[in-house]
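Examining the three-dimensional arrangement
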Amino acid sequence: MRLIISDKGIGRLAAFFIKERIIEAKPNADKKFVLGLPTGGTAVDMYKSLVELYKNKELSFKNIVSFNLDEYIGLPQDHPESYHTFMEKNFFRHIDIAKENINIPNGNAADPVKEGQDYEVKIKKAGGIDLFIGGLGENGHIAFNEPYSSLSSYTRDKQLNINTVIANSRFFENDMEKVPKTAMTMGIQTILETKEVLLLVTGEKKASALQHLVEGAVSQAWPATALQLHRKLVVITDEAACDKLTVGTYRYFKRLRDEFSHLYAL
């Protein structure tokens with residue numbers, strides 16, 4: 001695990017990190033680079049920066065395959081708050097990614113179990129996810145893997161925690177009744193099998209979750225702690241989210257700056 005601690009714009013740093021990984025991989029028509037993509041506030045800033053890199057001809061997405069982490073169940077794909085709409089609005093319509101290379105779970109599938117299984121097959125046929133980008137919930141959830149989710153889970157339908165419903169109600173006119181109560185989501189094991197994980201964590205509200213992720217024990221109560229077992233995890237975070245880390249932990253990661261020193265300078 002590595003922490004990049006900065007207050008210079010987490011979304012922008014993430015975009016440059018992704019750019020580096022894509023350029024290093026040298027994707028082509030026969031060997032595409034596979035991204036796992038999130039939604040959320042920090043992701044908006046990240047996508048804005050990625051679009052700028054594309055428009056400046058610093059990055060192309062022609063040989064990129066994407067798999068979104070999750071989607072609400074029962075929400076029409078063209079609903080303003082569906083993740084299909086979010087991705088089209090904030091990212092896909094602005095870049096040169098081929099539509100056939102875009103994958104988002106179908107929240108309206110007649111058989112959610114089969115949809116989850118089919119999604120896993122698609123990921124495997126693509127060669128696995130090269131870089132998974134995600135956020136961290138205040139209660140330690142990652143994607144829609146809520147507290148006490150199975151740490152060996154794959155893509156499936158999942159009931160949302162009441163705290164997640166409350167948090168997401170801000171997108172639904174602050175009306176909890178309008179928030180979907182279930183979602184299709186990549187599982188914890190799906191994420192652990194990716195080649196690299198980039199986690200974006202911002203704000204004091206995420207401090208407890210980050211502390212558990214970095215210093216706590218692996219626990220179903222805080223699902224993201226399973227990422228301690230991942231062979232290549234990078235966390236880009238701000239100072240506020242580090243508020244509950246011990247001084248020793250904070251100083252340790254502050255000293256480990258050399259590998260990502262160019263990102264700090266952006």
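Residue positions within a chain follow its written sequence, with the count starting from 1. It should be noted that, the model being predicted, local features are given only for residues of pLDDT at least 70 and side-chain atom pairs only at 80 or more, the latter also being counted only at that level, while totals for whole chains, interfaces and linings use all residues. No hydrogens and no water enter the side-chain calculation; it runs on all heavy atoms of the structure.

This brings us to a nonpolar patch on the surface. Patch rule: a residue counts if its relative accessible area is over 30% and it has no salt bridge; like charges are joined within 9 Å, and nonpolar side chains (Val, Leu, Ile, Met, Phe, Trp, Tyr) within 5 Å. All accessible areas in this document rest on Shrake-Rupley with a 1.4 Å probe, and a residue is counted as covered only by the protein chains that are shown. For salt bridges, the criterion is a side-chain nitrogen of Lys or Arg within 4 Å of an Asp or Glu carboxyl oxygen. A surface patch of nonpolar side chains, amounting to about 250 Å² of accessible area, comprises I162, I166 and M176. Along the polypeptide, M176 turns up in the loop between α5 (162–168) and β8 (182–185). When accessible area is computed with a 1.4 Å probe and restricted to protein chains, residues below 20% of their type maximum are described as buried, those above 50% as exposed, and intermediate ones as partly exposed. A relative accessible area of 31% means that M176 is categorised as partly exposed. A helix here means a DSSP run of H or I that spans at least four residues, while a strand means a run of E at least two residues long, and both kinds are numbered starting from the N terminus.

Moving on: the sheet that holds strand β5 (residues 102–103). Read across the sheet, seven strands follow the order β1-β10-β9-β6-β2-β3-β5 without closing on themselves; strand pairing throughout is parallel. Whereas interior strands pair on both sides, the edge strands pair on one side only; in this sheet they are β1 (2–5) and β5. Alignment of β1 against strand β10 (residues 233–237), held across four bridges, turns out to be parallel. Bridging across to β10, I5 finds its partner in T237. A pair of strands is considered paired only if DSSP assigns at least 2 bridges between the two.

So, on to helix α7 (residues 207–215). For α7, the complete set of buried residues consists of A207, A209, L210, L213 and V214. For α7, the angular spread of the buried residues around the axis is 160°, confining them to a single face. Contacts are assigned to residue pairs that have any heavy atoms within 4.5 Å of one another. Where α7 is buried, its residues contact β1, β9 (197–201), β10 and α8 (247–255). As used here, the arc is the angular range of directions from the helix axis to the C-beta atoms.

Another aspect to go through is the pairing of strand β2 (residues 33–37). With five of five residues buried, β2 is to be regarded as a mostly interior element. By the alternation rule, side chains of β2 split into F33, L35 and L37 and V34 and G36, which are all buried. Strand direction decides the pairing type here: β2 and strand β3 (residues 64–68), joined by five bridges, are parallel. Pairing of G36 across the sheet is with F67, part of β3. Of the pairings in the sheet, the one linking β2 to strand β6 (residues 131–135) comprises two bridges and is parallel in character. Across the sheet, the residue bridging to G36 is F132, located in β6.

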